[in-house]
Amino acid sequence: MHFLFIWTSTVFSEEIRMESSEKNWSIFVPKNKKECFIASQSVKDEAFRNGEKLSNVNRDRGVLFIKKSLSSPSGFEGAFSAGYPLKIGGKFRLTIDNVNKFVFLAHPKPKNSTEKTWAWTQSYDDLNLVEKLKVGNKAIMEAISHRGTVTKDTFILTGFTKAIQRLVKLCE
């Protein structure tokens, strides 16, 4: 969970500005240019309980993040902010174009409410995830809330490749 410490410290303690956007993806650059990231908000959110679709749930929209990271072997780290408390220690699946699947893990022992809403990729998947997002059209994150509600957040990948290229250039 090294990513959690870096991520939360960057997001909440440094001045970050949105540098630009590429279609559905926004590029964010902190003042020190050390922990830059791109993010996209889900375009469709669905929730299910006992197999039935729920018409109304109380949550924020899901956000998918890719962070440029010097500490990661691939140079990138993936994360998902669910907008609600996730199942503690849960394993969730991001599926790209109904073909490529990546596991995101929730914190096994969250210390605060912020940690309860995040899930992260496994470091060995990060480079492959970025490569598949570059050529994909749509990604769907399936996650489970702490109450057992299954959610599906849909992300459109238009602009991802240009956004990641710009991120790399801005934060060399």
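As the structure is a prediction and not an experimental result, all values here were calculated from the model.

Regarding the overall build of the protein chain
- When helices and strands are counted, the protein chain shows three helices and 12 strands.
- Radius of gyration (C-alpha) of the protein chain: 15 Å, near the 16 Å computed for a compact globule of 172 residues.
- Dimensions along the principal axes, computed over C-alpha positions, put the protein chain at roughly 45 × 35 × 30 Å.
- Within the protein chain, buried positions represent 47% of all 172 residues.
- By sequence separation, contacts in the protein chain at least 24 residues apart represent 57% of the contacts at least 6 residues apart.

Here we look at the side chain of Thr121
- Mapping Thr121 onto the fold places it in strand β10 (residues 118-121).
- On the basis of relative accessibility, which here comes to 12%, the residue Thr121 falls in the buried class.

Some thoughts on the packing of aromatic side chains
- Using the criterion set out here, one finds five aromatic pairs in the structure.
- Seen from their ring centres, Phe65 and Trp118 are 5.1 Å apart, and the 35 degrees between their planes marks the pair as tilted. In this pair, Phe65 sits in strand β6 (residues 63-68) while Trp118 sits in strand β10, placing the two residues 53 residues apart along the sequence.
- Note on Phe65: relative accessible area 11%, which makes it buried.
- On the numbers, 6.3 Å between centres and 90 degrees between planes, the contact of Phe80 with Phe155 is edge-to-face. Taken together, the positions of Phe80 in strand β7 (residues 76-81) and Phe155 in strand β12 (residues 150-156) put the pair 75 residues apart, joining distant regions of the chain.
- Residue classification places Phe80 among the buried residues on the basis of a relative accessible area of 0%.

Regarding the pairing of strand β8 (residues 91-96)
- When β8 meets strand β9 (residues 100-106), the two strands line up antiparallel, connected through six bridges. When the sheet's bridge partners are listed, Ile96 is paired in β9 with Asn100.
- What sits between β8 and β9 in their antiparallel hairpin is a turn of three residues, with Asp97 showing a positive phi close to 50 degrees.
- With four bridges connecting them, β8 and strand β11 (residues 138-144) associate as antiparallel partners. Directly across from Ile96, in β11, lies its bridge partner Ala139.

Parameters at a glance
- Residues numbered from 1 in each chain as written.
- Predicted model: local features only at pLDDT ≥ 70, side-chain atom pairs only at ≥ 80, totals over all residues.
- Heavy atoms only, no water.
- Helix = DSSP H or I, 4+ residues; strand = E, 2+ residues; numbered from the N terminus.
- Rg over C-alpha atoms; globule rule 2.2 N^0.38 Å.
- Buried < 20%, exposed > 50% of the residue type's maximum accessible area, 1.4 Å probe, protein only.
- Contact = heavy atoms within 4.5 Å.
- Phe/Tyr/Trp six-rings, centres within 6.5 Å; stacked < 30°, edge-to-face > 60°.
- Pairing = 2+ DSSP bridges.

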